[in-house]
Amino acid sequence: MFNPSQADVRRFFCAAHAKAQTGAPMEAIETLASLWIAEHPEYHAELQDADAAVARNYDETPDRTNPFLHLSMHLSISEQCSIDQPRGIRQAVELLGKRLDSLHDAHHATMECLGQMLWESQRAGRPPDGDAYVAAVQRRATRD
């Protein structure tokens, strides 16, 4: 199973950004990451220097969004939708995207549901509840 370190994740996003900037060949996952990076120009400066990115501690600046966590969640949700795992997530995110008229905004709303599900799982000491996660996204997609 793939289990990258925090430094690995940060270097991955920095490298994907660099390749996109120079037009270098990319793996499929790098291309997907670069598409989400392009949606977040506010992170580009932080992606320019991989060594600085690895050294940065976002816990010390809670008022700043951690771009690597944010981009990782976009990538995770994209992968979940591509394989529809947990079952129903693809349809829920697509429906939310239509409701919000933006896949990007749908991802941000889905991130809140994903974060809540993970927090509850950790707090209770039990495995993540994929059904509850999908249900939360569906509620957001269908509420008035």
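Residues numbered from 1 in each chain as written. Predicted model: local features only at pLDDT ≥ 70, side-chain atom pairs only at ≥ 80, totals over all residues. Heavy atoms only, no water.

Peer 1: What's the story with the packing of helix H1 (residues 6-22) against helix H5 (residues 67-83) in this structure? I'm lost.
Peer 2: Any two packed helices are characterised by how steeply their axes cross, that is the angle between the axes, and by the distance between the axes. Between H1 and H5, the shortest axis-to-axis distance is 10 Å and the interhelical angle comes to 80°. If you check the angle between H1 and H5, you find them roughly perpendicular. Taken together, the residues of H5 that come into contact with H1 (itself represented by Val-9, Arg-10, Phe-12, Phe-13 and Cys-14) are Phe-68, Leu-71, Ser-72 and Leu-75. A per-class count over the contact of H1 with H5 returns seven nonpolar, one polar and one charged. (Axes fitted to C-alpha atoms, helices over the stretch in contact; angles between N-to-C directions. Helix = DSSP H or I, 4+ residues; strand = E, 2+ residues; numbered from the N terminus. Parallel < 35°, antiparallel > 145°, perpendicular 65-115°, else oblique. Contact = heavy atoms within 4.5 Å. Nonpolar A, V, L, I, M, F, W, Y, C, P; charged D, E, K, R; others polar.)

Peer 1: Would you explain the layout of surface pockets in this entry?
Peer 2: One water molecule sets the probe size; rolling that probe over the atoms shows where empty space is left. Computed from the structure, the largest pocket encloses a volume of approximately 820 Å³. As for the largest pocket, its lining consists of 24 residues, of which Pro-4, Val-9, Ser-72, Met-73 and Ser-76 are closest to the centre. Secondary structure elements with two or more residues in the lining of the largest pocket: H1, H5 and helix H7 (103-124). Class assignment for the residues of the lining of the largest pocket results in 13 nonpolar, seven polar and four charged. (1 Å grid on protein atoms, 1.4 Å probe; cavity = no way out; pocket = protein on both sides within 12 Å on 5 of 7 lines; lining within 4 Å. Points joined across faces, edges and corners; volume = space filled by probe spheres on them.)

Peer 1: I tried to follow the side chain of His-104 on my own but got confused; where do I start?
Peer 2: Relative to the elements of secondary structure, His-104 occurs in helix H7. Judged by relative accessible area, which is 15%, His-104 ranks as buried. A polar atom in the side chain of His-104 sits 2.9 Å from the side chain of His-40. Leave out the neighbours within four places in its chain, and His-104 touches Trp-36, Glu-39, His-40 and His-74. (Buried < 20%, exposed > 50% of the residue type's maximum accessible area, 1.4 Å probe, protein only. Polar contact = N/O pair within 3.5 Å; in protein donor to acceptor, adjacent residues only side chain to side chain.)

Peer 1: Is there a simple way to explain the pattern of salt bridges in this structure?
Peer 2: Two side chains bearing opposite charge may form a pair once their charged atoms approach each other closely. A full pass over the atoms with the stated rule returns five salt bridges. Salt-bridge contacts for Glu-46 lead to Arg-56; the nearest nitrogen and oxygen are separated by 3.7 Å. Of this pair, Glu-46 sits in helix H3 (residues 44-47) while Arg-56 sits in the loop between helix H4 (50-55) and H5, placing them ten residues apart in sequence. Take Glu-46: its relative accessible area is 13%, and that puts it in the buried class. Salt bridges linked by common partners bring Glu-46, Arg-56 and Arg-64 together as one network. (Salt bridge = Lys/Arg side-chain N within 4 Å of Asp/Glu carboxyl O.)

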